[in-house]
Amino acid sequence: MLARTADNLYWLSRYVERAESLARILDVALRLATLPSAYAGTSNEWESAIDIAVCRDAFFRHYDVANQANVTQFIIAGPDNPSSIRACIEVARQNARAVRTAITTEMWEILNDAWNEMQRLRFQSFTSKDLTKFLAFVREVSLRFDGAAYRTMLRTDHYWFQRLGMLLERADNTARLLDVKYHVVLPETEPVGGGLDYFQWSALLRAVSALNSFHLIYRGGIKPWLVADFLILKPEQPRSLISSYETLNRVLDLLAERYGRQGPSQRLARQTYSQLQNMDIDTLFQTGLHEFLEQFIADNNRLGLAINDQYLQ
Amino acid sequence: MANEAVFDEMGGVEGDPRQIYADVAQWFRQASPDLIANRKAEAEAFFRRIGITFAVYGDEQGAERIIPFDILPRILSSGEWKRLSEGLEQRVRALNAFIGDVYGAREIVRAGIVPEDLILSNPAFRPEMTRIKPAAGLYTHIAGVDLVRTGPDEFYVLEDNARTPSGVSYMMENREAMLRLFPELFGKLRIKPVDQYPDELLTTLRSVAPSSASREPTVVVMTPGPFNSAYYEHSFLADRMGVELVEGRDLFVRSNVVYMRTTEGPQRVDVIYRRVDDEFLDPLAFRPDSTLGVPGLMSAYKAGNVTISNAVGTGVADDKAVYSYMPEIVKFYTGKDAILANVPTWRCREPDALSHVLANIGDLVVKEVNGSGGYGMLVGPHATKAQRESFAAKVRNNPSNYIAQPTLALSTVPCYVEEGLAPRHVDLRPFVLSGADKVRIVPGGLTRVALKKGSLVVNSSQGGGTKDTWVIEDGAPRASQSQSQKAGA
């Protein structure tokens, strides 16, 4: 398989996943920002949205204030934002077009329709209602795309590279989301008798579609350290770091088997995975959640580079 | 040209159909307008869904457009096709021999048949090729020969395309669409299939692999990229042959061997079916600013480690000045008279011809020697006085850049246009594959239609459309029912 084809497949699904994450980030910010300040605390939700989406510098080059209008506009279709939702869909479609025959018709049609829809929408005149509808649309594109890939692609290296991109992006997003919000999941910030941060925790869970499933795994109320445990160490949670790495490992092993050769990607993924397997949440908090997440994001990036070097060029 | 001289291949919109069109004419004449509209909409939906598009240069609106498709097929009998395909094979064999001679001993020049300066001053002439001997002595493995018809038995070659003829994906998708739209006609008539083309193309390309290649040579299709107007076709062909679609940056040359970058490391490439023009192939040999090419490709080619298909420099054979010598060229290399006729051609480089052309420019079609795609030509009878005069000035300025031909009364086939069924001019581009073992031609080819009333220009960039081309077995139609178990058996 051509290295460029693998590259296109990998980035194609990374960008679709990224578009979905951005939509979720906005969803959560929107929900928290509408709460009375007594419930949501004092932090500026729109600024954290900017931080999770890692576009602080670019944003403040264009705007003075991080408020709903500016942030949603910037993240959805901002000028000079190469990672806006619109840009993600656009780049995903470009990649798909370049490997039109390597993906299935179903996958192509979902992306092509989404792209056509984006051309049609007038983001400037969005009402809050339009915004909610739009964010649901973006999440649905990603769900349908993922479903189409899962249901229609041949299980060959084409499929595996498509998965790799999705999983790497997902791990990155979950880690960033946690990192920006890490102060609210630290045990010592738990106010006596529950309280202000409750909405922050549930918003975090909601951001990864995990609010209901949290209750299935942990009987009892939302505890901040359990939120961290859920999103980092629970293999049952498909957006957790450990679950992403479990699958990353399996996919990389399939590639190694098919090509008859192991490489740095396999080694790095295995390292990170076994680290996660041997970790418990208490130790994690002792070493420092923020430090751990920073390290994870760096390792995840390193794996991305290793995959690039090993397969994509 | 008088209207009554125009030959309609179906026998007109109204009158008695020609025998070969009988079933088709009957179907279309009996069909209700609703049914026709229905089938047309189905065809349109089919082409939109599969995304078969082309781009028009300089047209921002139509970045991806669908080529108009007409649902009434164009039909040839197998007898007509037999003669045409013999003529095509003969002509393309001669073209290959001519190109080999041009880059070799130039016997045809020494024999005084083709003037040497016509070759040496040709912008498509590549001196590098005089030191390269391609596998099996073949240069143009994929040739498109444009044919026109003026009467029941009068076919002419309008143009040879020996570089990178396109349109074969339309030929195949048109058939795919027709099979869905008119199963009843396919059930009744013996229509020769065309879907073996990708297999035949792959066999042809493998047959001309360099001798150093493995027993299963690696073939790739090389495209300039998704922004090229024919990108759909490039990906279509790669997909149907089951080979990689590469861009220049996917390939590299080490020790005069070409490799592609794969997820498993470098893999050797033996045959490159390139849809990239000569001058962009290798920045070290041709245009240094080309980012589409592969540095060192020409030295690998020279070393005999890769086959470039079509070969570099085949353009010397398809320019319109050389075209005018084709009857002599065919005779010289095959020893026989050309089966397919040329359109009589005046070469403006010759003073007598030039004055004839200038005096009669209103009756002639004047073309640039190297023009293509319907650009850079004047259709005298359809031009205004001002257009004629400015074109005449251009010809006077640089006579050897032009040729002229009489305006032929091109045949028509009825088409569904806005005002209903109406005759429109057509041409035919069959695709001729030349391999080391033999020449292969899929029956039929691409029929292009000039959809504007009275227009003779069939190019898709200029408002042309296409039709499916049926080659039908002469003789009795086949039994329309399969055998079935007898009741009560």
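Computed from a predicted model, the values in this text were never measured in an experiment. Just so you know, the residues in each chain are numbered from 1, in the order the chain's sequence is written. Labels are handed out in written order, letters beginning with A for the chains and numbers beginning with 1 for the ligands. Only residues with pLDDT of at least 70 get local features here, since the model is predicted, and only at 80 or more are side-chain atom pairs given and counted; chain-wide, interface and lining totals rely on the full set of residues. Hydrogen atoms and water are omitted, and side-chain values are computed over all heavy atoms in the structure.

## Considering the overall build of chain B
Selection rule: The numbering of helices and of strands both runs from the N terminus, where a helix is a DSSP run of H or I of at least 4 residues and a strand a run of E of at least 2. Note on classification: 1.4 Å probe, protein chains only; a residue is buried when its accessible area is under 20% of the maximum for its type, exposed when over 50%, partly exposed between these limits. Residue contacts are defined here by distance: any two heavy atoms, one from each residue, within 4.5 Å place the two residues in contact. Only the protein chains shown count as covering a residue, and every accessible area follows the Shrake-Rupley method with a 1.4 Å probe. Here the positive residues are Lys and Arg and the negative ones are Asp and Glu; neither His nor the chain ends is included. Charged groups are reduced to one reference atom each: NZ for lysine, CZ for arginine, CG for aspartic acid, CD for glutamic acid.
Tallying secondary structure elements over chain B gives 14 helices and 21 strands in all. Principal-axis analysis of the C-alpha atoms gives chain B an extent of 70 × 70 × 50 Å. When the 489 residues of chain B are sorted by exposure, 55% land in the buried category. Sequence-distant contacts in chain B: of pairs separated by 6 or more residues, those separated by 24 or more amount to 69%. For chain B, the accessible area works out to roughly 20,800 Å², and carbon and sulfur atoms hold 48% of it. A gap of 2 Å separates the mean positions of the 55 positive and 61 negative side-chain charges of chain B.

## Details of the overall build of chain A
Where we set the bar: With the radius of gyration taken over C-alpha atoms, the globule rule is written as 2.2 Å times the number of residues to the power 0.38.
Helices and strands together make up the secondary structure of chain A, namely 17 helices and 0 strands. Here the C-alpha atoms of chain A give a radius of gyration of 19 Å, agreeing with the 20 Å that 2.2 N^0.38 yields for 313 residues. Along the first, second and third principal axes, the C-alpha atoms of chain A reach 55 × 50 × 35 Å. Residue burial in chain A is summarised as follows: out of 313 residues, 55% are buried. At a minimum sequence separation of 6, the contacts of chain A that also span at least 24 residues come to 67%. A gap of 7 Å separates the mean positions of the 34 positive and 36 negative side-chain charges of chain A.

## Notes on unusual backbone geometry
Negative phi values dominate among residues other than glycine, just as trans dominates among peptide bonds. All names here are of chain B. Going from Ser 309 to Asn 310, the amide bond is cis rather than trans, its omega being -10°. Mapped onto the elements, Asn 310 comes out in the loop between β10 (307-309) and α11 (320-323). Of note, Ala 136 is a non-glycine position whose phi angle comes to about 60°, a positive value. Looking at the secondary structure, you find Ala 136 in the loop between α5 (116-120) and β2 (142-149). The exposed category is assigned to Ala 136, whose relative accessible area is 54%. Even without glycine at this site, Asn 256 takes up a positive phi of about 60°. Tracing the backbone shows Asn 256 in the loop between β6 (251-254) and β7 (257-262). The exposure class assigned to Asn 256 is partly exposed, which follows from its relative accessible area of 31%.

## A look at the environment of Val 426 of chain B
Residues and elements named next belong to chain B. Mapped onto the secondary structure, Val 426 falls in strand β17 (residues 420-429). Given a relative accessible area of 0%, Val 426 falls into the buried group. The spacing of Val 426 and His 356 is 70 residues in sequence and 28 Å in space, taken between C-alpha atoms. Here Val 426 is in contact with Glu 9, Arg 74, Leu 410, Ser 411, Val 413, Thr 447, Arg 448 and Val 449, once residues within four sequence places are set aside.

## Regarding the domain arrangement of chain B
Here is the rule we go by: Where each domain starts and ends follows an automatic or database-derived domain assignment.
Here chain B is partitioned into domain 1 (1-194 + 317-343 + 426-475), domain 2 (211-305) and domain 3 (345-407). Relative placement of domain 2 of chain B and domain 3 of chain B: their C-alpha centres are 38 Å apart.

## Description of the domain arrangement of chain A
Residues and elements named next belong to chain A. Where we set the bar: In this description, buried area is defined as the sum, over both parts, of the accessible area (probe of 1.4 Å) that is lost when the two are combined. For this document, the term salt bridge refers to a Lys or Arg side-chain nitrogen within 4 Å of an Asp or Glu carboxyl oxygen.
Assigned domains of chain A: these are domain 1 (1-153) and domain 2 (155-313). Here domain 1 and domain 2 have C-alpha centroids that lie 20 Å from each other. Domain 1 puts 35 residues into the contact, and the matching count from domain 2 is 34 residues. Summed over both partners, the interface of domain 1 with domain 2 buries about 3,200 Å², with 57% contributed by carbon and sulfur atoms. Looking only at domain 1, the three residues that lose the most surface to domain 2 are Tyr 10, Glu 17 and Ile 52, adding up to 20% of its buried area. Counting the contacts that link domain 1 with domain 2 gives 6 salt bridges.

## Observations concerning the side chain of Arg 448 of chain B
Residues and elements named next belong to chain B. Just so we agree on the cut-off: Two N or O atoms count as a polar contact when they lie within 3.5 Å, although within protein this holds only if one can serve as hydrogen donor and the other as acceptor, and sequence-adjacent residues are included solely when both atoms are side-chain atoms.
When you line up the elements, Arg 448 lands in strand β20 (residues 446-450). A polar side-chain atom of Arg 448 sits 3.3 Å from a polar atom in the side chain of Asp 146. Filtering out sequence-adjacent residues up to four positions away, Arg 448 remains in contact with Asp 146, His 425, Val 426, Asp 427, Arg 429, Val 458, Asn 459, Gly 465 and Thr 466.

## A look at the confidence of the model for chain B
What counts, and what does not: Every residue is assigned a pLDDT by the predictor, reflecting its confidence on a scale from 0 to 100.
In this model, chain B carries a mean pLDDT of 89, and residues with pLDDT of at least 70 account for 92%. Below pLDDT 50 for its whole length, residues 56-62 of chain B participates in 7 contacts with residues either more than four positions away or in separate chains.

## Focus on the nonpolar core
To be explicit about the condition: For the purposes of this section, nonpolar cores are sets of buried Ala, Val, Leu, Ile, Met, Phe, Trp, Tyr and Cys residues that join through side-chain atoms within 4.5 Å.
If you look at the biggest cluster of nonpolar residues, it comprises 108 residues, and the most contacted ones within it are Ile 85, Phe 161 and Ile 232 of chain A. The biggest single contributor to this core is helix α1 (residues 3-33) of chain A, with 15 residues. For this core, the domains that each give at least three residues are domain 1 (1-153) and domain 2 (155-313) of chain A. Counting residues in each nonpolar core, the second largest holds 67 residues, with Leu 84, Val 157, Tyr 301 and Leu 428 of chain B among its members.

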